[in-house]
Amino acid sequence: DERSARWYRSLSATLNYMAQDRADLGFAVKELCRSMKDPSEADVINLKKIGRDLIGDPSMKMCFQWWMNLDRIDGYSDSDYAGGDKRTSTTGGVMMMGGVVLKSWSKQQKVVALSSGEAELYAAVKLGCELIGLKSLAVDFGLQVKLHMYIDAKATFGMLSRKGVGSMKHVETNQFWLQDAVRNKVVSLHKIGTDDNVADILT
């Protein structure tokens, strides 16, 4: 009923606020927020699961060391493939400086990717935008930083290391600006194993 729906939306919005600082909640809260328009009893069950999890692990601490490295920003991206009910994928990303998470996100992709490599490409492009934006912010604070991007998809690594669309002719060309950023060393691209990719938790 509408009263229960308002209760659901209120708690989901509160969790969405908490998830800005708690990457471990990112994916689950994203799924809750997708149902805010018309929540069901199954969505309420999922909401209660998050509540029970928070009772067991209610707080998170972030420690900023005096000697933390401030000359580089490390970004991690990941994606599932066609995990949504409409066959859309989830983009996950984490940006860290000195071992501290500055920003994380878990978002549903709007385009239906035709392969896991394509889904990972969209996730990497999102990360590239966020990294360059954070670099501009760092300059405002007088910090000169280098950008490092870590992805675990071999196919996407190959897409970003070459020039042009190759066999991905159905992908919009505006997704390939990141190739120039990698080639011009605006962003350093690194391959990372799935088990070591911290963005995996967000997908």
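In case you missed it, the structure is sitting above this.
These numbers were taken from a predicted model, which means no experiment stands behind them.

Peer 1: Please explain unusual backbone geometry as it appears in this structure.
Peer 2: For residues besides glycine, phi is generally negative; the peptide bonds are generally trans as well. Of note, the phi angle at Ala 82 is positive, near 55°, even though the residue is not glycine. We note that Lys 185 has phi near 60°; this positive angle belongs to a residue other than glycine. Checked against the element boundaries, Lys 185 lands in the loop between helix H6 (177–183) and strand S5 (187–191).

Peer 1: What exactly am I supposed to notice about a nonpolar patch on the surface here?
Peer 2: Together, Met 60, Met 62, Phe 64, Val 101 and Leu 102 line one region of the surface with nonpolar side chains, adding up to about 420 Å² of accessible area. Residue placement: Phe 64 occurs in the loop between helix H3 (41–56) and strand S1 (72–79).

Peer 1: Any chance you could explain the sheet that holds strand S2 (residues 90–97) here in plain terms?
Peer 2: Strand pairing in a sheet relies on backbone hydrogen bonds, with the paired strands running either antiparallel or parallel. What the five strands build is an open sheet, ordered S3-S2-S1-S4-S5; its pairing is mixed. Both outer strands of the open sheet, strand S3 (100–108) and S5, are each paired with one neighbouring strand and no more. Each neighbouring strand pair of the sheet contributes to a mean axis angle of 20°, computed without reference to strand direction. Where S1 and S2 come together, six bridges link them in antiparallel fashion. Within the sheet, the bridge partner assigned to Gly 75 lies in S2 and is Met 95. Where helix H4 (residues 116–140) meets the sheet, its contacts fall on S1, S2, S3 and strand S4 (146–151), and the angle it forms with S1 comes to roughly 155°. In the packing of helix H5 (residues 154–161) onto the sheet, contacts are made with S4 and S5, and the angle to S5 comes to roughly 150°.

Peer 1: Help me understand H5, please; the structure alone is not making it clear to me.
Peer 2: Turning to H5, its buried residues number three or more, namely Thr 156, Met 159 and Leu 160. Down the axis of H5, the smallest arc covering the buried residues is 90°, so these residues share one side. Those residues of H5 that are buried lie in contact with H4, S4, H6 and S5.

Peer 1: I keep staring at the nonpolar core and nothing clicks. Help me out?
Peer 2: Burial of nonpolar side chains together is a common tendency in soluble globular proteins. Judged by nonpolar contacts, the single largest core of 28 residues is most densely connected at Ile 73, Leu 121, Leu 131, Met 149, Leu 160 and Leu 178. Of all the elements in the fold, those that place two or more residues in this core are S2, H4, S4, H5, H6 and S5. Here this core takes nine residues from H4, the largest share from any one element. Contact partners of Met 149, with chain neighbours within four places excluded, come to Gly 75, Ala 124, Leu 127, Gly 128, Leu 131, Leu 178, Val 187, Ser 188, Leu 189 and His 190. With ten residues, the next largest nonpolar core counts Tyr 8, Ala 19, Leu 25 and Leu 54 among its residues.

Parameters and conventions
- Residues numbered from 1 in each chain as written.
- Predicted model: local features only at pLDDT ≥ 70, side-chain atom pairs only at ≥ 80, totals over all residues.
- Heavy atoms only, no water.
- Helix = DSSP H or I, 4+ residues; strand = E, 2+ residues; numbered from the N terminus.
- Patch = residues over 30% accessible without salt bridge, like charges linked within 9 Å, V, L, I, M, F, W, Y side chains within 5 Å.
- Areas by Shrake-Rupley, 256 points an atom, 1.4 Å probe, with all protein chains shown as cover.
- Salt bridge = Lys/Arg side-chain N within 4 Å of Asp/Glu carboxyl O.
- Pairing = 2+ DSSP bridges.
- Axes fitted to C-alpha atoms, helices over the stretch in contact; angles between N-to-C directions.
- Contact = heavy atoms within 4.5 Å.
- Buried < 20%, exposed > 50% of the residue type's maximum accessible area, 1.4 Å probe, protein only.
- Arc of directions from axis to C-beta.
- Core = buried A, V, L, I, M, F, W, Y, C linked by side-chain atoms within 4.5 Å.

Honestly, that's just the spatial picture; any functional story needs more than this.
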